[in-house]
Amino acid sequence: VRLTRALKLVAAILVTAALGVAAASAFVPHGVALTPGAVPVPGTSSLDQAAPDPAGGPEWNLRLSDSTTGGQCVEPGRAINARFGSIDPDGAFHELPLDQSGTCGDLSKEPVILAINAYPAGSARPARTVLFGAASDDVAGISVAQPGGSPIAHPSAGPRGGFLLALAGTIAPQELPVTITLRDGRQIEYPWT
Amino acid sequence: MTSAADAAKRTLTTPLLVLTLVCSFSVGAIVRVALADDYHVTCVGHGFVQGTDQNDSSFFGRVWSGCSSTLRTCDLYTSGSLDGGQAATGTTADCNVWSYEFGTFTECASTTHVYDQGVFSSHVHKASNWCG
């Protein structure tokens, strides 16, 4: 009798556990609600700083926006007749509306927002590496070391602090260490490691 | 005596089964979230984010900032080929790439490869309507 009761108890526990897991599968959404992060605020964007394409293609430009968390968002792209967009692998230009795009950060908490985009080669688009970001008023200068003995680049900042540097080919971030010089003379290294 | 013993067993059995139910639901929920294919949280949210809908070729690879200061990467792939990617550094810059910045790609065959140095290793998140 005791054995029967024990078996019944074990069976009840197993069935209950299975019900619990099944209920979790049924009622817990696949994935989680997206954590709120910074995205651009519509109506706050402007083109801020242009840079030449290394092979003479359409110029690169930077779209800056305020972010929903009080910071800034920066998004690199191509500009043709003041239209901001992208060039697809087949070489066609597509205008880009403002979306939940761009790299957002907060210049009140650190002196720069810094990122690198990699554009692989397509049938009619050469590969590009674009270093870009935005600098606060505390920044006096930006230096980017380049591989292969190329001279150090000093991208200048636009009216809203945006800067970008377009380079040919695909370059690993670690080959483009950045040094930020602040107005008080301090330097901050960004080695990407 | 027998009825008293039975009552005591019932008193113990019911809470045990309720505890089992709660625990198993919790474990199931944790496993389901942790193994989500498109997006999940390991200190920070990261993964594959669809745009307006699942079939408009507009999608994002994201790693929010907040848990590291050195390197976050988010690359987009479609059918195994690199569409484009990004590396972000510093303490506040999010890694955020939008498919439209690189071209037009089949959303359901796309993935994002994400990495946050010192937080999580490189791994892949698939589109929620994965068809690859």
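Since this is a predicted model, take the numbers as computed values, not measurements.

Caption draft 1: Spatial organisation of the overall build of chain B. Each helix and strand in chain B was counted, giving one helix and eight strands. When the elements of chain B are put in sequence order from the N terminus, they spell out α-β-β-β-β-β-β-β-β. Taken across its 132 residues, chain B has 47% of its residues classed as buried. If you sum the accessible surface of chain B, you get close to 5700 Å²; carbon and sulfur atoms cover 62% of it.

Caption draft 2: Structural detail: the overall build of chain A. Scanning chain A from N- to C-terminus turns up one helix and 12 strands. Across chain A, helices and strands are ordered from the amino to the carboxyl terminus as α-β-β-β-β-β-β-β-β-β-β-β-β. Computed over the C-alpha atoms, the radius of gyration of chain A is 25 Å, more than 25% above the 16 Å expected from 2.2 N^0.38 for a compact globule of 193 residues. In terms of overall dimensions, chain A has a C-alpha envelope of 85 × 45 × 40 Å along the principal axes. In chain A, which comprises 193 residues, the share counted as buried stands at 44%. In chain A, 55% of the contacts between residues at least 6 apart in sequence involve partners at least 24 apart. Accessible surface for chain A amounts to roughly 9200 Å². Of this, 59% is attributable to carbon and sulfur atoms. If you average the places of the 12 positive and of the 16 negative side-chain charges in chain A, the two averages end up 17 Å apart.

Caption draft 3: Region of interest: the nonpolar core. Residues Val-74, Val-130, Phe-132 and Leu-164 of chain A together with Val-63 of chain B are the most contacted members of the largest nonpolar core, which totals 37 residues. Setting aside its immediate chain neighbours within four residues, Val-130 of chain A contacts Trp-60, Pro-76, Ala-115, Ile-116, Asn-117, Tyr-119, Leu-164, Leu-165 and Ala-166 of chain A. Formed by 21 residues, the second largest nonpolar core is a distinct cluster that contains Val-112, Ile-116, Ala-153 and Tyr-190 of chain A.

Caption draft 4: Structural detail: the packing of aromatic side chains. Counted by the stated rule, this structure contains five aromatic pairs over all chains. Look at Tyr-119 of chain A and Phe-102 of chain B: their rings are 5.1 Å apart centre to centre, the planes differ by 45°, and that puts the pair in the tilted class. Here Phe-102 of chain B lies in the loop between strand 6 (95–98) and strand 7 (110–116) and Tyr-119 of chain A lies in strand 7 (residues 112–119), a pairing that spans two chains. Of the two residues, Tyr-119 of chain A and Phe-102 of chain B, neither departs from the other in class, the shared state being buried. Relative to Tyr-100 of chain B, the ring of Trp-98 of chain B has its centre 5.1 Å away and its plane inclined at 35°; by these criteria the two rings are tilted. With relative accessibility at 26%, the residue Tyr-100 of chain B sits in the partly exposed group. Here the aromatic cluster, defined as three or more aromatic residues joined through ring pairs, consists of Trp-60 and Tyr-119 of chain A together with Phe-102 of chain B. Above the ring of Phe-60 of chain B, the side-chain terminus of Arg-62 of chain B is found at 4.4 Å from the ring centroid.

Caption draft 5: Examining the state of the cysteines more closely. All names here are of chain B. A full pass over the atoms with the stated rule returns four disulfides over all chains. Bridging Cys-74 to Cys-95, the disulfide has an S-S length of 2.1 Å. Across the S-S bond of Cys-74 and Cys-95 the torsion is about -95°, and the bridge reads as left-handed. Of this pair, Cys-74 sits in strand 4 (residues 72–78) while Cys-95 is found in strand 6, placing the two residues 21 residues apart along the sequence. A relative accessible area of 0% places Cys-74 in the buried class. With a relative accessible area of 0%, Cys-95 lands in the buried category.

Caption draft 6: Examining the sheet that holds strand 1 (residues 39–42) of chain B more closely. All names here are of chain B. Ordered in space as 1-2-3-6, the four strands form an open sheet in which the pairing is antiparallel. Because the sheet does not close on itself, it has two edges, and the strands there are strand 1 and strand 6. Taken pair by pair, the neighbouring strands of this sheet meet at an average axis angle of 10°, ignoring direction. Here strand 3 (residues 59–63) pairs with strand 6 via four bridges, running antiparallel. Bridging from a neighbouring strand, Arg-62 pairs with Asn-96 of strand 6.

Caption draft 7: Looking closely at unusual backbone geometry. A positive phi angle, near 65°, is found at Ala-82 of chain A, a position not held by glycine. Here Cys-43 of chain B, not a glycine, exhibits a phi torsion of approximately 70°, which is positive. Inspection of the secondary structure assignment puts Cys-43 of chain B in the loop between strand 1 and strand 2 (44–50).

Caption draft 8: View of the pattern of salt bridges. Residue and element names in this part refer to chain A. Scanning the model with the defined rule gives seven salt bridges over all chains in all. Here Glu-75 makes a salt bridge to Arg-63, at a shortest N to O gap of 2.8 Å. With Glu-75 in strand 3 (residues 72–80) and Arg-63 in strand 2 (residues 60–66), this residue pair connects regions lying 12 residues apart in the sequence. Each member of the pair, Glu-75 together with Arg-63, is buried. Linked by salt bridges that have partners in common, Asp-53, Arg-78 and Arg-128 make up one network.

Caption draft 9: Layout of the sheet that holds strand 12 (residues 187–190) of chain A. Residues and elements named next belong to chain A. An order of 9-11-12 is seen for the three strands of this open sheet, with the pairing classed as antiparallel. Each end of this open sheet is capped by a strand with a single partner; those strands are strand 9 (139–144) and strand 12. Across this sheet, the average inter-strand angle for adjacent strands is 15°, counted without regard to direction. Relative to strand 11 (residues 178–182), strand 9 runs antiparallel, the two being bridged by five bridges.

Criteria and cut-off values
Residues numbered from 1 in each chain as written. Chains lettered and ligands numbered in written order. Predicted model: local features only at pLDDT ≥ 70, side-chain atom pairs only at ≥ 80, totals over all residues. Heavy atoms only, no water. Helix = DSSP H or I, 4+ residues; strand = E, 2+ residues; numbered from the N terminus. Buried < 20%, exposed > 50% of the residue type's maximum accessible area, 1.4 Å probe, protein only. Areas by Shrake-Rupley, 256 points an atom, 1.4 Å probe, with all protein chains shown as cover. Rg over C-alpha atoms; globule rule 2.2 N^0.38 Å. Contact = heavy atoms within 4.5 Å. Lys, Arg positive; Asp, Glu negative; His and termini not counted. Charge placed at Lys NZ, Arg CZ, Asp CG, Glu CD. Core = buried A, V, L, I, M, F, W, Y, C linked by side-chain atoms within 4.5 Å. Phe/Tyr/Trp six-rings, centres within 6.5 Å; stacked < 30°, edge-to-face > 60°. Lys NZ or Arg CZ within 6 Å of the ring centre and 35° of its normal. Disulfide = S-S within 2.5 Å. Pairing = 2+ DSSP bridges. Axes fitted to C-alpha atoms, helices over the stretch in contact; angles between N-to-C directions. Salt bridge = Lys/Arg side-chain N within 4 Å of Asp/Glu carboxyl O.

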